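Read off the chains here:
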Amino acid sequence: MIDWLSLLIPCPHTTPVDGGKIWVIDPDGSVRESLRWAEAEGSHCDKVRVRSHGWDSGAYQYLYVSGNPAKFFQGHNLIGPECVDLVRAFGQAVFELIKVPGLAIAEGREWFINRIDITRMYDLGTDSDCHAWLKAAEQRVTVKHRGRGVLDRGTFYVGKHSQRSSLKIYAKGPEFRRRKPRPESNLPVEKMKDWAVGKLRFETVWRRKELERRGLRELSMWTDELPSELFESFISQCGLDMRSGLDVSEIRELPPAWRGIYHQWLAGVDLPQIMSRATWYRWRKRFIALGLDIAADPPQAGEVIPFVRTLEAVPATVPHWLAKTAWQQSCSA
């Protein structure tokens, strides 16, 4: 999904589109005028910033548009499209909203991308497993020229302050539940909150310098397959293999019910006597899958029992009812 776009749309004009002006004093003491962002509000009330850009030959040459196309069109960004049609539709829709007389998009001139965020959703089952995965990733992921990944307030970053490209990963469930639905929204918000539980959001951010280096600032160079290729290339650089998962070696990372069973076993509780036969075998099977047989005698004082489980992030399956809330316009080339 394309989760953020910063576009330069060719649109020569002399009267600036802005939210006012400010005066900027540079370090050398020189003073210059700068335009503030104006805001365009979509049908789902998600605001997009816009202003004139590129003064040359007595006119501004571009409109600079920056915002979230998924929220602009859909009212949410759980899922969404990432086709070239979306990019042009986003720019065109914002242009039509600003309603400046005499303003027209220049035909035949190139559109430019200054930033694009490409995202994916992965499923780990529970929010607690998402947080455990993020903690494990911090210990494992190191990227050349970027150093070790950083876990900051529940979000894992690679290249957090990079001016070229970066990655952030976080549990989408808690983040989505914190958002208050708009009164006019017709979205199935409660069902969406339930679906977001246990989901990891991966967001790759591609900025102007990196897009220029790859020859991808011009929109004409993009295909519908390119966002996926960019996303996969960043993940491979990080050494994140979703299929093999990540090892979590600390018992505190387990869900509360698992920890309770584990500590009862350590204390020598006769678990088959306090559980039904079906419950006992179900729990034993679960722990065996993690490499521990709770039917065995617990360790003696001083013994160490390695306890490792593998957390595998698999691509999230999107239910039909959620797919219907996505952008309805055709994304076919």
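Look a little higher up for the structure.
Quantities reported herein were computed from a predicted structural model and do not represent experimental measurements.

Enquirer: So, helix α3 (residues 127-140): which residues are in play, and what are the values?
Expert: The end-to-end C-alpha distance of α3 is 20 Å, a good match for the 20 Å that 14 residues give at a rise of 1.5 Å each. The set of residues buried in α3 consists of D127, D129, C130, A132, W133, L134, A136 and A137.

Enquirer: Explain the packing of aromatic side chains to me, using residue names and the numbers behind them.
Expert: Summed over all chains, the structure comprises eleven aromatic pairs. Note on W55 and Y60: the rings are 4.8 Å apart at their centroids and 70 degrees apart in plane angle, and the pair reads as edge-to-face. Taken together, a centroid distance of 5.3 Å and an interplanar angle of 85 degrees make the contact between F72 and F73 edge-to-face. Each member of the pair, F72 as well as F73, carries the same accessibility label: buried. Put simply, the rings of F72, F73 and F90 touch in pairs and so form one group of aromatic residues. The ring centre of W111 lies 5.1 Å from the NZ or CZ of R88, which sits over that ring. Here K160 stacks its cationic end above the ring of Y157, 4.5 Å away from the centre of that ring.

Enquirer: I'd like a description of helix α2 (residues 84-98), backed by residues and values.
Expert: Here α2 spans 22 Å end to end across 15 residues, near enough to the 21 Å set by a 1.5 Å rise per residue. What α2 keeps buried is the set V84, L86, V87, A89, F90, G91, A93, V94, F95 and I98. The inward-facing, buried residues of α2 contact β1 (2-13), β4 (38-41), β5 (47-56), β6 (59-67) and α1 (69-74). Positioned one or two residues after α2, K99 has a phi angle of 50 degrees, which is positive.

Enquirer: Just give me the short version of the environment of L271, but keep the residues and values in it.
Expert: The topology assignment puts L271 in helix α9 (residues 271-274). If we skip the residues at most four places from it in the chain, L271 touches I261, Q264, W265, W280 and I294.

Enquirer: Could you give an account of the nonpolar core, naming the residues involved and the relevant values?
Expert: Counting 60 residues, the largest nonpolar core has W133, L200, F202 and W222 as its most contacted members. Of the residues forming this core, the biggest block, nine residues, is contributed by α2. Not counting residues within four places of it along the chain, the set of residues in contact with W222 comprises V84, I113, I116, L211, L216, P227 and L230.

Enquirer: Quick rundown of the pattern of salt bridges? Include the residues and the values.
Expert: Here the structure, examined in full by the defined rule, presents 15 salt bridges. With a shortest N-O distance of 3.7 Å, K193 and E190 are connected by a salt bridge. Of this pair, K193 and E190 both sit in helix α5 (residues 189-196), three residues apart, which is roughly one turn of the helix. Given the relative accessible area of 53%, E190 is considered exposed. Salt bridges here are not isolated pairs; linked through shared partners, they connect R164, E210, R213 and R214.

Enquirer: Explain unusual backbone geometry residue by residue, including any values.
Expert: In this structure, S57 takes a positive phi of about 55 degrees despite not being glycine. By secondary structure assignment, the location of S57 is in the loop between β5 and β6. Looking at S57, the relative accessible area reads 72%, which means it is exposed. Residue R153 is not a glycine yet carries a positive backbone phi of 55 degrees. Its place among the elements puts R153 in the loop between β10 (150-152) and β11 (155-158). A relative accessible area of 84% means that R153 is categorised as exposed.

Conventions we followed
Residues numbered from 1 in each chain as written. Predicted model: local features only at pLDDT ≥ 70, side-chain atom pairs only at ≥ 80, totals over all residues. Heavy atoms only, no water. Helix = DSSP H or I, 4+ residues; strand = E, 2+ residues; numbered from the N terminus. Expected span 1.5 Å × (residues − 1). Buried < 20%, exposed > 50% of the residue type's maximum accessible area, 1.4 Å probe, protein only. Phe/Tyr/Trp six-rings, centres within 6.5 Å; stacked < 30°, edge-to-face > 60°. Lys NZ or Arg CZ within 6 Å of the ring centre and 35° of its normal. Contact = heavy atoms within 4.5 Å. Core = buried A, V, L, I, M, F, W, Y, C linked by side-chain atoms within 4.5 Å. Salt bridge = Lys/Arg side-chain N within 4 Å of Asp/Glu carboxyl O.

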